Amino acid sequence: MIRIYIGNLSFNTTEENLKQAFEEYGAVEEVSIVKDKFTGASKGFGFVNMDDDAGFNAIRALNGTMLDSRKIRVSQATNR
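Predicted, not measured: the structure shown is a model, and the values here were computed from it.

Conventions used here
Residue positions are counted from 1 within each chain, in the order its sequence is given. Where totals are concerned, whole chains, interfaces and linings use all residues; where local detail is concerned, this predicted model gives features only for residues with pLDDT of at least 70, and gives and counts side-chain atom pairs only at 80 or more. For side-chain calculations, the full set of non-hydrogen atoms in the structure is used, while hydrogens and water are omitted. For every residue, the accessible area obtained with a 1.4 Å probe (protein chains only) is divided by the maximum for its type, and the residue is called buried under 20%, exposed over 50%, and partly exposed between those limits. Secondary structure elements are taken from DSSP: a helix is a run of H or I of four residues or more, a strand is a run of E of two residues or more, and numbering for both begins at the N terminus. Note that the arc is defined by the directions from the helix axis to the C-beta atoms. Contacts are assigned to residue pairs that have any heavy atoms within 4.5 Å of one another. Whenever a carboxyl oxygen of Asp or Glu lies within 4 Å of a side-chain nitrogen of Lys or Arg, that contact is scored as a salt bridge. Nonpolar cores were defined as sets of buried Ala, Val, Leu, Ile, Met, Phe, Trp, Tyr and Cys residues, with membership established by side-chain atoms within 4.5 Å.

Student: Any chance you could break down helix 2 (residues 52-62) for me, citing the residues and the numbers?
Tutor: Turn by turn, an α-helix covers 3.6 residues, leaving residues three or four places apart pointing in a common direction. Buried within helix 2 are the following residues: A54, G55, A58, I59 and L62. Down the axis of helix 2, the sector holding all buried residues measures 135 degrees, keeping them to one side. Exposed and oriented more than 90 degrees from the buried face of helix 2 are D53 and R60. For helix 2, the secondary structure elements touched by its buried residues are strand 1 (2-7), helix 1 (15-23), strand 3 (42-50) and strand 6 (73-76). Phi turns positive, to about 85 degrees, at G64, one or two residues after helix 2.

Student: Can you break down the pattern of salt bridges residue by residue, with the values?
Tutor: Evaluated as defined, the whole model comprises 1 salt bridge. Among the salt bridges present, the one from E23 reaches K19, with a minimum N-O distance of 3.9 Å. Here K19 and E23 lie together in helix 1, a separation of 4 residues that amounts to about one turn. Here E23 falls in the partly exposed class, since its relative accessible area comes to 40%. A residue is classified by how much of its surface remains accessible, and K19, at 28% relative accessible area, is partly exposed.

Student: Break down the nonpolar core for me, with residues and values.
Tutor: Of all hydrophobic cores here, the largest spans 19 residues; its most connected members are I4, I6, L18, F22, V48, M50 and V74. Counting residues per element, this core draws most heavily on helix 2, which supplies 4 residues. The contact partners of V74, leaving out residues within four places of it in the chain, are I4, Y5, I6, F22, I59, L62 and N63.

Right under this line is the structure:
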């Protein structure tokens, strides 16, 4: 299982939109868009969990592409 970071998301991107973009490369286990705890508005980044092979293919294919009129950054998530 790989955790994928997606940055520069449009504030209008939904978890469903994000899931659909990544499902083209394999089964998506979990999708989460990080939201402000007070307003509930998107913070412009999120995470997707996928199997390793599908996840690495998705990172290579989607990094630098457009999603909801924004050029997204896609990479393997690192622990803080």
